[in-house]
Amino acid sequence: MRPGDADYEESARVYNAMIHKHPALIARCADVADVIAAVAFARERGLTLAIRGGGHNGGGLGTCEGGLVADLSRMRGVRVDPESLTVRVDGGSVWGDVDHATHAFGLAVPSGIISTTGVGGLTLGGGLGHLTRRYGLTVDSLLAVDMVLADGRFITASPEQHPDLFWAVRGGGGNFGVVTSFLFRAHPVSNVLGGPTLWPLERAEEVMRWYREFILSAPETLTGFFAFMVVPPGPPFPEHLHLKKMCAVVWCYTGAPELADSMFEPVRAMAPALDGVQAMPFPALQSMFDALYPPGLQWYWRADFVRELGNEAISRHVAFAHRLPTMHSTMHLYPINGAAHRVAPGDTAFSFRDARWAEVIVGVDPSPDKAPAITAWTKDYWAALHAYSAGGAYVNFMMDEGQERVQATYRDNYARLAEVKERYDPDNVFRVNQNIRPAGSKPLPH
């Protein structure tokens, strides 16, 4: 499609409506042959090339101005093998596709918290979500990928084939090629106990101090991410809480049902104003926030990894929570421990295995008129907390923030990633991403 074609405007949109770009061409790829053709076309003509899976990227890195977008959204096949406990997923799939297919077999693949998120982007950045403490990051369940490289070759990367590339794609983002299919190990997850517990914002410091200790020592079958939120004005939330600023923990328990009461006893001892934890199919928990965050909202993101959640940092968090600018704006702390800590920082490109949380601050609203306010709140909040961070950020939570932030995120792994980039994409064809520059390239001018 080109500008002026009937479906162009709709196809050019991405999840974050704050991003407005106009590619010269959009190639809707139906299969691997189409992907090969799109990559070759862009390479031979020197066009900027962007790869779009689910299109959720906060910084709008699934599109580009004046270049070619290879849109994989038609490539959404999922095949579950219940005997080998593996799942083959096409590169344009979203996590709702995977959850639907695996749940029929009592299985799940670790992913995020919104089912409309693309499998490709979330996986290649590492993959944090409801199952991180029990089963690790998404990349810890990745067995192999099929890829189209910058020179048009189609290869499989796995521990046995192109192991250097397989190491790099487990957290290194879309820097190394177009992943046309993923092979995952699946895990036994069927029904879970999940949902939010809410407390008044006046208790936020107390709840955060309790949470920071509890979640680090809780059994790995239980996880919960902390959030500041404005309660949406509708079910399942009771009317007396509508539009109140509150703090919350969104839980997921995958253990034995007979142990659930004892598991949640410390949570209920904190006397939440709302206890929304209930039994549900895992896909229901995964899609719980889909309606609240449809495509087309204004988004501005900032993020950091966090090792220690000290009292001073908590006080600063709470101060900005009182200034939540819109109903959709929020801050989340995703726990990184348990199974995720049993992988060494150098075993995958995702290097912050020593972090305890991934913090993300997002200003969100449907109206473009609110874009300046939500952006300013997010930047100010991040600046006030950054000194308490571990230095880098989860790449899936970053805007287009420059090379120094990318290097801070990969730390000691960056040099090795740059060497793999030089080997497989020396001309940096795949540069619309959190870019890792090829080892032999000259530094960008300041």
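Refer to the structure printed above.
Residues numbered from 1 in each chain as written. Predicted model: local features only at pLDDT ≥ 70, side-chain atom pairs only at ≥ 80, totals over all residues. Heavy atoms only, no water.

Caption draft 1: Spatial organisation of the overall build of the chain. Along its length, the chain carries 13 helices and 18 strands. For 446 residues, the compact-globule estimate of 2.2 N^0.38 gives 22 Å, and the C-alpha radius of gyration of the chain, at 21 Å, lies within 12% of that figure. Relative to its full complement of 446 residues, the chain shows a buried share of 59%. Of the contacts formed within the chain by residues at least 6 apart in sequence, a portion of 72% connects residues at least 24 apart. Summed over all atoms, the accessible surface of the chain reaches about 17300 Å², with 53% contributed by carbon and sulfur. The averaged location of the 47 negative side-chain charges in the chain is 3 Å from the averaged location of its 39 positive side-chain charges. (Helix = DSSP H or I, 4+ residues; strand = E, 2+ residues; numbered from the N terminus. Rg over C-alpha atoms; globule rule 2.2 N^0.38 Å. Buried < 20%, exposed > 50% of the residue type's maximum accessible area, 1.4 Å probe, protein only. Contact = heavy atoms within 4.5 Å. Areas by Shrake-Rupley, 256 points an atom, 1.4 Å probe, with all protein chains shown as cover. Lys, Arg positive; Asp, Glu negative; His and termini not counted. Charge placed at Lys NZ, Arg CZ, Asp CG, Glu CD.)

Caption draft 2: Spatial organisation of the sheet that holds strand E9 (residues 178-185). On the basis of which strands lie adjacent, the open sheet formed by 5 strands has the order E4-E5-E9-E7-E8 and antiparallel pairing. Edge positions in the open sheet fall to strand E4 (78-81) and strand E8 (154-157), since each of these has one partner strand only. With direction set aside, neighbouring strand axes in the sheet form an average angle of 15°. Two strands pair when backbone bridges link them, and E4 and strand E5 (residues 86-90) are joined in this way by 4 bridges, in the antiparallel orientation. Residue pairing in the sheet places Val 80 in a bridge with Val 87 of E5. In the packing of helix H3 (residues 95-103) onto the sheet, contacts are made with E4, E5 and E9, and the angle to E4 comes to roughly 35°. (Pairing = 2+ DSSP bridges. Axes fitted to C-alpha atoms, helices over the stretch in contact; angles between N-to-C directions.)

Caption draft 3: Up close: unusual backbone geometry. Along the chain, Pro 235 connects to Pro 236 via a cis peptide bond; the corresponding omega equals 10°. Inspection of the secondary structure puts Pro 236 in the loop between strand E12 (222-230) and strand E13 (245-253). Of note in the backbone geometry, His 162 takes a positive phi value of approximately 50° without being a glycine. For Ala 271, which is not a glycine, the phi torsion comes out positive at approximately 50°. Tracing the backbone through its elements, the reader meets Ala 271 in the loop between helix H8 (260-268) and strand E14 (274-275).

Caption draft 4: Fine view of the sheet that holds strand E1 (residues 25-28). Taken together, the 3 strands give an open sheet; going across it, the order is E1-E3-E2, and neighbouring strands pair in parallel fashion. Because the sheet does not close on itself, it has two edges, and the strands there are E1 and strand E2 (49-52). Neighbouring strand axes in the sheet, compared pairwise and without regard to direction, differ in orientation by 20° on average. In the sheet, E1 pairs with strand E3 (residues 68-71) via 4 bridges, with the strands oriented parallel. Residue Arg 28 lies in a different strand from E3, and its bridge partner there is Asp 71.

Caption draft 5: How the structure looks around the side chain of Arg 405. Its location among the elements puts Arg 405 in helix H12 (residues 403-410). The class of Arg 405 is buried, set by a relative accessible area of 11%. Setting aside anything within four residues of it in sequence, one finds Arg 405 in contact with Ala 303, Asp 304, Trp 382, His 386, Gly 391, Gly 392, Ala 393 and Met 398.

Caption draft 6: Representation of the packing of helix H10 (residues 311-321) against helix H11 (residues 371-385) in the model. At a minimum axis separation of 10 Å, H10 and H11 run at an interaxial angle of 170°. Accordingly, the angle class assigned to the pair H10 and H11 is roughly antiparallel. Between H10 and H11, the contacting residues are Ala 313, Arg 316, His 317 and Phe 320 on the first element and Trp 377, Asp 380, Tyr 381, Ala 384 and Leu 385 on the second. Of the residues contributing to the contact of H10 with H11, the split by class is 6 nonpolar, 1 polar and 2 charged. (Parallel < 35°, antiparallel > 145°, perpendicular 65-115°, else oblique. Nonpolar A, V, L, I, M, F, W, Y, C, P; charged D, E, K, R; others polar.)

Caption draft 7: The arrangement of H12 in detail. Listed as buried for H12 are Arg 405, Val 406, Thr 409 and Tyr 410. On an axial view of H12, the arc spanned by its buried residues comes to 130°, and they lie on one face. The positive-phi residue at the C-terminal boundary of H12 is Arg 411, with phi of around 50°. (Arc of directions from axis to C-beta.)

Caption draft 8: Inspection of the state of the cysteines at higher detail. Inspection of the entire model under this criterion finds 0 disulfides. Just so you know, Cys 29 is unpaired, no disulfide at all, and the nearest cysteine sulfur is the one on Cys 64, 13 Å from it. For Cys 29, a relative accessible area of 1% translates into the label buried. (Disulfide = S-S within 2.5 Å.)

Caption draft 9: Local environment of the pairing of E12. Most of E12 sits inside the fold, with 9 of its 9 residues counted as buried. Residues of E12 alternate between two faces, with Leu 222, Gly 224, Phe 226, Phe 228 and Val 230 on one and Thr 223, Phe 225, Ala 227 and Met 229 on the opposite face, all of them buried. Here E12 pairs with E13 via 9 bridges, running antiparallel. Within E13, the position partnered with Val 230 by the bridge is Lys 245. One ladder, built from 3 bridges, connects E12 with strand E17 (residues 330-335); its direction is antiparallel. Each bridged residue has a counterpart across the sheet, and for Phe 226 the counterpart in E17 is Leu 333.

Caption draft 10: Fine view of the pattern of salt bridges. Inspection of the entire model under this criterion finds 22 salt bridges. The closest approach of N and O atoms between Arg 342 and Glu 220, which form a salt bridge, is 2.8 Å. With Arg 342 in the loop between E17 and strand E18 (357-365) and Glu 220 in the loop between helix H7 (204-217) and E12, this pair connects stretches of sequence that are 122 residues apart. Among the charged side chains, a network of salt bridges with common partners joins Arg 302, Asp 304, Glu 401 and Arg 405. (Salt bridge = Lys/Arg side-chain N within 4 Å of Asp/Glu carboxyl O.)

Caption draft 11: Just the nonpolar core, in detail. Counting residues in each nonpolar core, the largest one holds 70 residues, and the members touching the most others are Met 147, Leu 165, Phe 176 and Phe 305. Ignoring anything within four residues of it in the chain, the contact list for Phe 176 reads Met 147, Leu 149, Leu 165, Ala 168, Val 169, Leu 417, Val 420, Lys 421, Phe 430 and Ile 436. The next biggest cluster of nonpolar side chains, apart from the first, holds 41 residues, and it includes Tyr 211, Phe 264, Ile 314 and Phe 320. (Core = buried A, V, L, I, M, F, W, Y, C linked by side-chain atoms within 4.5 Å.)

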